[in-house]
Each structure stands twice: as C-alpha cells, then as structure tokens.
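Working through the structure, step by step
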There are 2 protein chains.
Amino acid sequence: MPQKNMAANKDKTIRRILDGATKVFAEAGYSGASVDEIAKAANVNKATIYYHVGDKEALYVRVLHEVIGQTAAGIAARMNNSMTPAEKLATYISGIAQTVENYPPLPPVMMRAVESGGQILSPEVAADLMMIFGILLEILEQGAREGVFIKANPFIIYLMIIGAVAFHRNVEANWDQKPELAMLFKQMDPDFYTKLEGSFSISVANEVTRLLLRALEKQGPQKD
Amino acid sequence: MPQKNMAANKDKTIRRILDGATKVFAEAGYSGASVDEIAKAANVNKATIYYHVGDKEALYVRVLHEVIGQTAAGIAARMNNSMTPAEKLATYISGIAQTVENYPPLPPVMMRAVESGGQILSPEVAADLMMIFGILLEILEQGAREGVFIKANPFIIYLMIIGAVAFHRNVEANWDQKPELAMLFKQMDPDFYTKLEGSFSISVANEVTRLLLRALEKQGPQKD
DNA sequence: AAATAGTTTAACTACATGGTTAGATAACTT
DNA sequence: AAGTTATCTAACCATGTAGTTAAACTATTT
C-alpha cells in the first residue's frame, strides 16, 4: 500500500504513536505505562517510537503538551470579549468540560501534571497550564474590577473547577465496573443524574458554574 | 539492645514498614514505588515486608486503609451534633485540611484512590472513602432539610473540596523546587499568602469554606 | 540448657522494561 | 535503474523489580 509521500506517512506514524501513548499514559500513568505497551497500542515497532519521538520522558512531555495545549486552545476559542464576567466563567467551565468530554484521557493526564507540581513538567507544558489558568485569572480580575465579583483566591477557584470536572469524569468512567457505586450516586441526586440532557460533563459543568457564580457574585440569586 | 517482647518488636517493625511505604507510595505512586525502595526507607529487609504484610498490592491497600481511615476518624472526632450545618461544613473542610497538614502523604495517595475510581481499591478502602463522603452528605442534607442550604449535588461539592485542599497542598509542597511559581501565586493574591496565620492548609480551608458557604447558604453575606 | 517458635537476613530467580543496533524495506533523487 | 536517504523492524542487551528461599538469629517455652 504505497503512500502519497514520506512526510505524510511519517505524520501518520507519529500520530499513531501519540494517540497510543496518550491512551496508555492516561490509563496507567507515567510509571505504569510501558513503552512496549504503547508500541502495541500504536501498532508500531518500539524502536520507531525512539526514532521519531525519543525516550519515554520525551514522549510523555509531548503527550502532555498536546493534550493540555488543546484544552487551552479550546477554551480560548469559545471565549468572547463582549461577554460579562459571569458569562465568561460559564464558558470557561463548560469549555474545560467539553474538552474533557471529547478527550477522555485528559483528566488523569492533567491531574498527574498538576499533581507533580512542575516536577516532570517541561517549560512548554508549564506554559500550557499557565495559559489555562491565566484565562481564569483574567475573568476573575475583570469581575472584581467591574464590581460584580467578590475578591477570591483564583488558584483555589481553579482547583475547585479542575477537581470537580476532572474527578467526576474519572469516577464516572469507572461506573461500568462498579454499578453499585453508580446506583448510589444516582440515588443521591436523582434529578441531576436522570434528567441530564447531553452529557454528564456538561451537567457537571452547569452545576459547578451555578455554585461558583453564587459564591462569587456580589448579588447572587437569593432564592432557590 | 533487647526488646520487651516479640510482639512489641513485631509491631515496631510493621510500623516502620507502613511509614516507609506511605512515604514512598506518596512520592512515587503505586507503579513508581519499588518494594526495594520501601524496604530501604523502612530500614527493613525486603523479605520482612513479605513476611509481615504480604505482596506489594496488600501493602498498598493497607497504607490506603490506614491513611484514609485516619482522615475519616479525624473528621468525625471534630464534629459535634449541636453545630449548625454551616459550622459543620467549616469543621468538615478544616478537618480534611488539618489531616492533610499533619499527614503530608495523604493528598497524592487519596487522589490516586479517587482517581482509580475503585479499580485497585479494596472494600475496606472503599468503605473509608464512603465514610468521609457520607459525613458531608449528612451535613448537606441537614442544611437542605432545615432550609438554610440550597439543594446541590453533594458529590460535586465533595470533589471541589478535595480538589482544592489536596491539590493545593501538593502544588505548595513543590514550591521549594519552583520558586518562580511560588512567587507568581503570591503576587496573585498577596493578602492570602502573606498574612496567613498558622498554615497554608488552614488558610486554604478557610477560603474554601467561605466560598462554599456563599454558594450554599440561602441568604449568604450579601456585601463583601 | 535444649528445644521450639517467631523473626530477620543475604542471596537468588524469573521476568518485565527502557533503550539500542544492525539490517531490511520503502520512498525519493539523479 | 542505481544510488541514496528516510523509515521501520526483529532481535538483542543491561538493568531493575516483584517475589522466594534457606539459613541465621532471637525470643520464648520446657
């Protein structure tokens, strides 16, 4: 099966490698993932990985950069300068949720990135993370400047958002294997889990947004 | 140096093993931790671990059970039935923060536990996690019943708390190695990071509590 | 003191894993 | 078509790791 040209083939190979690596890293973490397993998942000889990308750490950094970079880009794309801070916050949260939805391996990878606190992280990845965080920072600052948001620690808000969205997606992904756990959660908040239109992630995003807006807005909705 | 008796010596050995294992698991995760390393950290021969505790997974489960169980117990101990839901929530959050403060390896271990979504978890550990969550559930239900809290998804609240407290502790722990990151955060919210009395974790807990109470209380503090 | 049971250790095994190499194959150039 | 370069592969190597074993050592019992 001859290809158009070498470059295209190369790109396809690298694509396969990165996809396989993302999947395996997401499932098993950095140490838990083996290069052999990644090679198998990518349908590629192991040496090809070393030829195209480099060693395991280089591969990991590349995956992180791609995954987190996509998230940052996705959020930025949805944002609009004419929005109010509240609208922007809603967009921000649902943007993260949406990316998580489209890109299931993201949460564990992202969590490990934050978790390591900059240990394994390359400057590129750190920049990606800072970009995601920076968007939120601006929203909160604008809100405070305009007098619609109270002052609050932005990093804590950030962690609350990531924690809720990423963890929830992750726990939810394991519901198949723990049906009794799923049942329990659904009993706890039937409204939430039964009449969800669209996806879980979106519902989670909506709930997180509702709560954070109540927390941040100077005159929030009083009755509920 | 002769010991009182064998039983005491045995307990001390197991104690050393569990402490060493907790530390190494926290730093490196399950796959990243090697039994040799744990043995070294515990000043114990590797075979002694297998003799007293069992294989790597048994050791991990035991560590998880101990760490998470301590958290649950610590929170429960601080709680008091005569408290209002708001007071209970504050106690709950600061209880988690306090345990995290006293027990630094907790966040990464706990995160991996939640993260794995019940995959590696033993029934015992699952029960511990459910106990911690159950306390929050009761608080929220009481608040809703008494009409002081709005209805909200308890699991999401839970994830927001854990996310903020655990992540923050973790990132903060790496500030030594990334001083520019620490500087950045401190610039972002100077009030928060400079005039903190006591510890970071307590300050974080206070901020999380403030935000969540604003989010949950039907008539929260209007002006701020 | 001898015997016994509980505890610890050094040495070892089997295997998985990260990484390499030399050669094959396919693509591009002339 | 021949030669050159980029891409890929099977086989291999060195090391690290989970787990075992048999023997040494220590406390307890008789």
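Above: the structure in question.
In what follows, the accompanying structure is described. Residues take numbers from 1 onward in each chain, read along the sequence in its written order. Lettering of chains starts at A and numbering of ligands starts at 1, both following the order in which they are written. Given that this is a predicted model, residues contribute local features only at a pLDDT of at least 70 and side-chain atom pairs are listed and counted only at 80 or more, while totals for whole chains, interfaces and linings are drawn from all residues. Here the side-chain values reflect all heavy atoms present in the structure, with hydrogen atoms and water set aside.

Considerations on the protein's contact with DNA strand C
Near DNA strand C lie 21 residues; those nearest to it are N5, M6 and K46 of chain A together with T13 and H52 of chain B. Each polar contact in these results corresponds to two N or O atoms within 3.5 Å; when the atoms are within protein, one needs to be able to donate a hydrogen and the other to accept it, and residues that are neighboring in sequence are counted only if both atoms are side-chain atoms. Contact between DNA strand C and K46 of chain A: a base oxygen at 2.6 Å from a side-chain N or O atom of the residue. Here the surface near DNA strand C takes 4 residues from helix α3 (residues 46-52) of chain B, the largest share from any one element. Residues were grouped as follows: Ala, Val, Leu, Ile, Met, Phe, Trp, Tyr, Cys and Pro as nonpolar; Asp, Glu, Lys and Arg as charged; and all remaining residues, including Gly, as polar. For the surface near DNA strand C, a count of residues per class yields 9 nonpolar, 7 polar and 5 charged. Note on definitions. A residue lies near a molecule or strand when any single heavy atom of the residue is within 4 Å of it. Strands are runs of DSSP state E lasting at least two residues, helices are runs of H or I lasting at least four, and both sets are numbered from the N terminus onward.

Side note on the packing of helix α1 (residues 6-32) of chain A against helix α1 (residues 6-32) of chain B
Look at α1 of chain A against α1 of chain B: their axes get within 7 Å of each other, and the N-to-C directions meet at 115 degrees. Along the contact surface, α1 of chain A presents A28, S31 and G32 of chain A, while α1 of chain B presents A28, S31 and G32 of chain B. Note on geometry: axes are C-alpha line fits, over the in-contact stretch for helices, and angles between N-to-C directions span 0 to 180 degrees. Note on contacts: a residue pair qualifies if any of its non-hydrogen atoms lie within 4.5 Å across the two residues.

Concerning the pattern of salt bridges
Salt bridges are defined as contacts in which a side-chain nitrogen from Lys or Arg sits within 4 Å of a carboxyl oxygen from Asp or Glu. In total, this model carries 8 salt bridges over all chains according to the counting rule given. The shortest N-O distance in the salt bridge between D19 of chain B and R15 of chain B comes to 3.1 Å. Here the residue D19 of chain B and the residue R15 of chain B both occupy positions in helix α1, the gap between them amounting to 4 residues, near one helical turn. The class of D19 of chain B is partly exposed, set by a relative accessible area of 40%. Only protein chains enter the accessibility calculation, which uses a 1.4 Å probe; a residue whose area is less than 20% of its type maximum is buried, one above 50% is exposed, and one in between is partly exposed. Taking relative accessible area as the criterion, R15 of chain B reaches 34% and is therefore assigned partly exposed. Between E66 of chain B and R15 of chain B there is a salt bridge, with the nearest N and O atoms lying 2.8 Å from each other. Remark: R15 of chain B occurs in helix α1 and E66 of chain B occurs in helix α4 (residues 56-78); sequence separation between them is 51 residues. A network of salt bridges, in which partner residues are shared, links R15, D19 and E66 of chain A.

Examining the packing of aromatic side chains
Residue and element names in this part refer to chain B. Two rings from Phe, Tyr or Trp (for Trp, the six-membered ring) form a pair when their centres sit within 6.5 Å of each other. Planes less than 30 degrees apart are called stacked, planes more than 60 degrees apart edge-to-face, and all others tilted. Inspection of every chain in the model, using the stated rule, returns 12 aromatic pairs over all chains. Here the aromatic rings of F25 and Y30 are separated by 6.0 Å at their centres, their planes lie at 10 degrees, and the arrangement is stacked. Judged by relative accessible area, which is 2%, F25 ranks as buried. Judged by centre distance (4.9 Å) and plane angle (70 degrees), the rings of F25 and Y60 are edge-to-face.

Things to note about the protein's contact with DNA strand D
As a structural note, the neighbourhood of DNA strand D is formed by 21 residues, with T13 and H52 of chain A together with N5, V35 and K46 of chain B the closest of them. Taking all atoms of DNA strand D within 4 Å of the protein, the share assigned to sugar and phosphate is 63%. T13 of chain A places a polar side-chain atom, nitrogen or oxygen, 2.4 Å from a phosphate oxygen of DNA strand D. A distance of 2.7 Å separates a phosphate oxygen of DNA strand D from a polar atom in the backbone of V35 of chain B. Of all the secondary-structure elements, those providing two or more residues to the surface near DNA strand D are α1 and α3 (46-52) of chain A together with α2 (35-41) and α3 of chain B. In terms of residues, the surface near DNA strand D owes the most to one element, α3 of chain A, which gives 4 residues. Partitioning the surface near DNA strand D into residue classes produces 8 nonpolar, 7 polar and 6 charged.

Quick look at the side chain of R214 of chain A
Its place among the elements puts R214 of chain A in helix α11 (residues 200-216). On the accessibility criterion, R214 of chain A (7% relative accessible area) is buried. Only 2.6 Å separates the side chain of R214 of chain A from the backbone oxygen of A215 of chain B, close enough to count as a polar contact.

Thoughts on the environment of E37 of chain B
Residues and elements named next belong to chain B. Among the secondary structure elements, E37 is positioned in helix α2. For E37, a relative accessible area of 35% translates into the label partly exposed. Expressed as a C-alpha distance, the spacing of E37 and V24, which sit 13 residues apart in the sequence, is 7.4 Å. Apart from residues no more than four positions distant in its own chain, E37 is found in contact with V24 and G32.

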